[in-house]
Amino acid sequence: AQSVTQLGSHVSVSEGALVLLRCNYSSSVPPYLFWYVQYPNQGLQLLLKYTSAATLVKGINGFEAEFKKSETSFHLTKPSAHMSDAAEYFCAVRRGSGGSNYKLTFGKGTLLTVNP
Amino acid sequence: ETGVTQSPTHLIKTRGQQVTLRCSSQSGHNTVSWYQQALGQGPQFIFQYYREEENGRGNFPPRFSGLQFPNYSSELNVNALELDDSALYLCASSPGLAEGETQYFGPGTRLLVL
């Protein structure tokens, strides 16, 4: 079975500062990994995904994530935070079990606040 | 291109009642997944439909049931509502079953059970 751990339920940064949101996964097979963002009272929007093509994945809005197999991590970063980045961020892993179930398994989320 | 839409946006029910939530998948998508997101938690997988057949199910009781129609839209039905069913219900569609496929989420239906 696969699982996802997001370290830090709440991260606060200043505008212009580096954003680092941590995600560790466990999977018995190579995973597919996703980062989604959820703005208040909205659904989930895909930021980026890892599908084994490249370990450094670039996404929308200046975000990127690096897949590190040795550390079982897929941390999300952005060099300079903007006020509009304030939202909740979810890391998710997807891998079929028995070849018949392709669900996403989500972490509990990290709420990012950006201070002016 | 129209994205995933869900209706209604909000719903209030009382314990024991039944509810039906609806989802229209994105054009060209034949797979729909439903998730429950309790307050302060990540989404939890309920079930997935592929070409009108249930393709997988999470750890939810049988009173959670679903349908997918020939146009690939979908319904989630919950019978005998309980207080703990209060949550945001998210629908996601994807072009197929491949594990690398992106699931595109709708805005959700917020259900409150009193």
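These figures come from a predicted structure and were not determined experimentally.

### Looking at the side chain of Asp85 of chain A
All names here are of chain A. The residue Asp85 is located in the loop between strand E8 (73–78) and strand E9 (87–94) in this model. Side-chain polar atoms of Asp85 contact the side chain of Lys78, separated by 2.9 Å. Apart from the residues lying within four places of it in its own chain, the contact partners of Asp85 are Phe63, Lys78, Ser80, Leu112 and Val114.

### Thoughts on the interface of chain A and chain B
Reports often express the size of an interface as the amount of accessible area lost when the parts come together. On the side of chain B, 25 residues touch chain A, which itself brings 23 residues to the contact. Buried surface at the junction of chain A and chain B, both sides included, amounts to about 1,900 Å², of which 49% is carbon and sulfur. Linking chain A with chain B are zero salt bridges. One can count five residue pairs in polar contact (both at pLDDT 80 or more) joining chain A with chain B. Counting only elements with at least two residues in the side of chain A that touches chain B, the list comes to strand E4 (32–38), strand E5 (44–50), E9 and strand E10 (104–106) of chain A. At four residues, the largest contribution of residues to the side of chain A that touches chain B is made by E4 of chain A. Classifying every residue of the side of chain A that touches chain B gives nine nonpolar, nine polar and five charged.

### Quick word on the sheet that holds strand E1 (residues 3–7) of chain A
Residue and element names in this part refer to chain A. On the basis of which strands lie adjacent, the open sheet formed by five strands has the order E1-E3-E8-E7-E6 and antiparallel pairing. With partners counted over all chains shown, the strands left at the sheet margins are E1 and strand E6 (56–58), one partner each. Each neighbouring strand pair of the sheet contributes to a mean axis angle of 20°, computed without reference to strand direction. Strand direction decides the pairing type here: strand E7 (residues 64–68) and E8, joined by five bridges, are antiparallel. Bridged to Ala65 within E8 is Leu76.

### Things to note about the packing of aromatic side chains
Tallied over the entire structure, the rule returns 14 aromatic pairs over all chains. Residues Tyr36 of chain A and Phe106 of chain A carry aromatic rings whose centres are separated by 6.0 Å and whose planes lie at 50° to one another, so their mutual orientation is tilted. Separated by 70 residues along the polypeptide, Tyr36 of chain A in strand E4 and Phe106 of chain A in strand E10 bring together distant segments of the chain. Judged by its relative accessible area of 1%, Tyr36 of chain A falls in the buried class. Between Phe106 of chain A and Tyr35 of chain B, the aromatic rings sit 5.7 Å apart at their centres with planes inclined by 90°, giving edge-to-face as the arrangement. Of this pair, Phe106 of chain A sits in strand E10 while Tyr35 of chain B sits in strand E4 (residues 31–37), placing the two residues on different chains. Look at Tyr35 of chain B and you get buried, because its relative accessible area is 0%. Among the aromatic residues, those joined into a ring-pair cluster are Phe34, Tyr36, Phe90 and Phe106 of chain A together with Tyr35, Phe45 and Phe105 of chain B.

The rules behind the values
- Each residue is numbered by its place in its chain's sequence as written, counting from 1.
- Just so you know, chain letters begin at A and ligand numbers begin at 1, following the order they were written in.
- Side-chain atom pairs in this predicted model are given and counted only at pLDDT of 80 or more, local residue features only at pLDDT of at least 70, and totals for whole chains, interfaces and linings cover all residues.
- Side-chain measures here rest on the full set of heavy atoms in the structure, leaving out hydrogens and waters.
- Secondary structure elements follow DSSP: runs of H or I no shorter than four residues count as helices, runs of E no shorter than two count as strands, and numbering proceeds from the N terminus.
- A 3.5 Å cut-off defines polar contacts: any pair of N or O atoms within that distance qualifies, except that in protein one atom must be a possible hydrogen donor and the other a possible acceptor, and neighbouring residues in sequence count only when both atoms are side-chain atoms.
- Contacts are assigned to residue pairs that have any heavy atoms within 4.5 Å of one another.
- Defined in terms of a 1.4 Å probe, buried area is the accessible area two parts forfeit on being brought together, summed over both.
- Definition used for salt bridges: Asp or Glu carboxyl oxygen within 4 Å of a side-chain nitrogen of Lys or Arg.
- Classification used: nonpolar for Ala, Val, Leu, Ile, Met, Phe, Trp, Tyr, Cys and Pro, charged for Asp, Glu, Lys and Arg, polar for all others including Gly.
- At least two bridges found by DSSP between two strands is the condition for calling them paired.
- Fitted lines through C-alpha atoms give the axes, limited to the stretch in contact for helices. The angle between two N-to-C directions lies from 0 to 180 degrees.
- Only the six-membered ring of Trp is used, alongside the rings of Phe and Tyr, when aromatic pairs are assigned; centres must lie within 6.5 Å, and planes under 30 degrees apart are stacked while those over 60 apart are edge-to-face, with the rest tilted.
- Only protein chains enter the accessibility calculation, which uses a 1.4 Å probe; a residue whose area is less than 20% of its type maximum is buried, one above 50% is exposed, and one in between is partly exposed.

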